[in-house]
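Fold and contact review
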Amino acid sequence: DAKTTQPNSMESNEEEPVHLPCNHSTISGTDYIHWYRQLPSQGPEYVIHGLTSNVNNRMASLAIAEDRKSSTLILHRATLRDAAVYYCILKRDTNAGKSTFGDGTTLTVKP
Amino acid sequence: SQTIHQWPATLVQPVGSPLSLECTVEGTSNPNLYWYRQAAGRGLQLLFYSVGIGQISSEVPQNLSASRPQDRQFILSSKKLLLSDSGFYLCAWSVKGQSNEKLFFGSGTQLSVL
């Protein structure tokens, strides 16, 4: 899988929006962009995914650059429960689910 | 609904002892199954994946092995643990055949080899 680059850590205040960036300059045309998050001492959970268009769900929004070389996960109103490690990964549609999880971004939410 | 069970949650084992971690999935059939390991503060390293009973692919040569004796059961084993086997082990599953697979993770096993 192609690699992604994320900042090691970010901070946000509670109830403010959070924009988590991800660079994936070597993305191929069939790679989906997936985001997962991992709370302390738990397994990661799926957040959102997209291919070309921006996506919204109950958890977050995903903004994808026109050239697809970067994306941004948007949490519209951060809560203390959103404090987690956020992983941006690329998933090739012909792959049996093998994905490279980098070190992710540790999000700290301050009350 | 689908659920994934992974146990035990915590395990402390001496060097040289055997290991068996079990993962089962309910509510789905013929899933893809995965074992990952995570070092403290790091990302996930894929160890093994399986697309069917008895079919195991190893991603990283190591002291561990995996088996899938039943459709929804995935076992991670070692005959003799090393200190370097310590870590957080995660089992995951996905639906086969989707053009865009999502991964569903278990709650993990924290293994400490002393």
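Predicted model only: the values in this text are computed from it and were never measured.

Procedures and definitions
- Residues numbered from 1 in each chain as written.
- Chains lettered and ligands numbered in written order.
- Predicted model: local features only at pLDDT ≥ 70, side-chain atom pairs only at ≥ 80, totals over all residues.
- Heavy atoms only, no water.
- 1 Å grid on protein atoms, 1.4 Å probe; cavity = no way out; pocket = protein on both sides within 12 Å on 5 of 7 lines; lining within 4 Å.
- Points joined across faces, edges and corners; volume = space filled by probe spheres on them.
- Helix = DSSP H or I, 4+ residues; strand = E, 2+ residues; numbered from the N terminus.
- Contact = heavy atoms within 4.5 Å.
- Buried area = accessible area lost by both parts, 1.4 Å probe.
- Salt bridge = Lys/Arg side-chain N within 4 Å of Asp/Glu carboxyl O.
- Nonpolar A, V, L, I, M, F, W, Y, C, P; charged D, E, K, R; others polar.
- Disulfide = S-S within 2.5 Å.
- Buried < 20%, exposed > 50% of the residue type's maximum accessible area, 1.4 Å probe, protein only.
- Pairing = 2+ DSSP bridges.
- Axes fitted to C-alpha atoms, helices over the stretch in contact; angles between N-to-C directions.

Details of the layout of surface pockets
Of the voids in this model, the largest pocket is the one considered here, and its volume is about 370 Å³. What lines the largest pocket is a set of 21 residues, and nearest its centre among them are Q38(A), Q38(B), A39(B), A40(B) and G41(B). Contributing elements (two or more residues each) for the lining of the largest pocket: strand 8 (84-92) of chain A together with strand 9 (87-94) and strand 11 (109-113) of chain B. Counting residues per element, the lining of the largest pocket draws most heavily on strand 8 of chain A, which supplies 3 residues. By volume, the second largest pocket is sized at about 190 Å³.

Some details on the interface of chain A and chain B
Taken together, the contact between chain A and chain B spans 21 residues of the former and 22 residues of the latter. Here chain A meets chain B over a buried area of about 1700 Å², counting both sides, of which 52% is carbon and sulfur. Where chain A meets chain B, there are 1 salt bridge. Put simply, D103(A) and R42(B) hold a salt bridge, and the shortest N to O gap is 3.1 Å. When contributions to the side of chain A that touches chain B are tallied by element, the ones reaching two or more residues are strand 3 (31-38), strand 4 (45-50) and strand 8 of chain A. Considering each element in turn, the side of chain A that touches chain B owes the most residues, 4 residues, to strand 3 of chain A. Looking at the side of chain A that touches chain B, its residues break down into 7 nonpolar, 10 polar and 4 charged.

Some thoughts on the state of the cysteines
If you walk through the whole model with that rule in mind, you get 2 disulfides over all chains. The partner cysteine of C22(A) in its disulfide is C88(A), sulfur to sulfur 2.1 Å. Across the disulfide from C22(A) to C88(A), rotation about the S-S bond amounts to roughly -80 degrees, and the bridge is consequently left-handed. One end of the pair, C22(A), is in strand 2 (residues 18-23); the other, C88(A), is in strand 8, with 66 residues separating them in the sequence. Residues C22(A) and C88(A) agree in their burial class; the two are buried. Here C23(B) connects covalently by a disulfide to C91(B), the sulfurs 2.0 Å from one another. The sign of the -75 degrees torsion about the S-S bond sets the C23(B)-C91(B) disulfide as left-handed. On the criterion of sequence distance, the pair formed by C23(B) in strand 3 (residues 19-26) and C91(B) in strand 9 is long-range, its members being 68 residues apart. When sorted by exposure, C23(B) lands in the same class as C91(B), which is buried.

What to know about the pairing of strand 2 (residues 10-13) of chain B
Residue and element names in this part refer to chain B. Here strand 2 shows one buried face, formed by L11 and Q13, and one open face, formed by T10 and V12. One ladder, built from 4 bridges, connects strand 2 with strand 11; its direction is parallel. Paired with Q13 across the strands is V113, a residue of strand 11.

Observations concerning the sheet that holds strand 8 (residues 73-78) of chain B
All names here are of chain B. In space, the 4 strands of this open sheet follow the order 1-3-8-7, with antiparallel pairing throughout. The open sheet terminates on both sides in strands that have one partner only, identified here as strand 1 (3-7) and strand 7 (65-70). Each neighbouring strand pair of the sheet contributes to a mean axis angle of 20 degrees, computed without reference to strand direction. Bridge count between strand 3 and strand 8: 6 bridges; the pairing is antiparallel. Across the sheet, the residue bridging to L21 is L76, located in strand 8.

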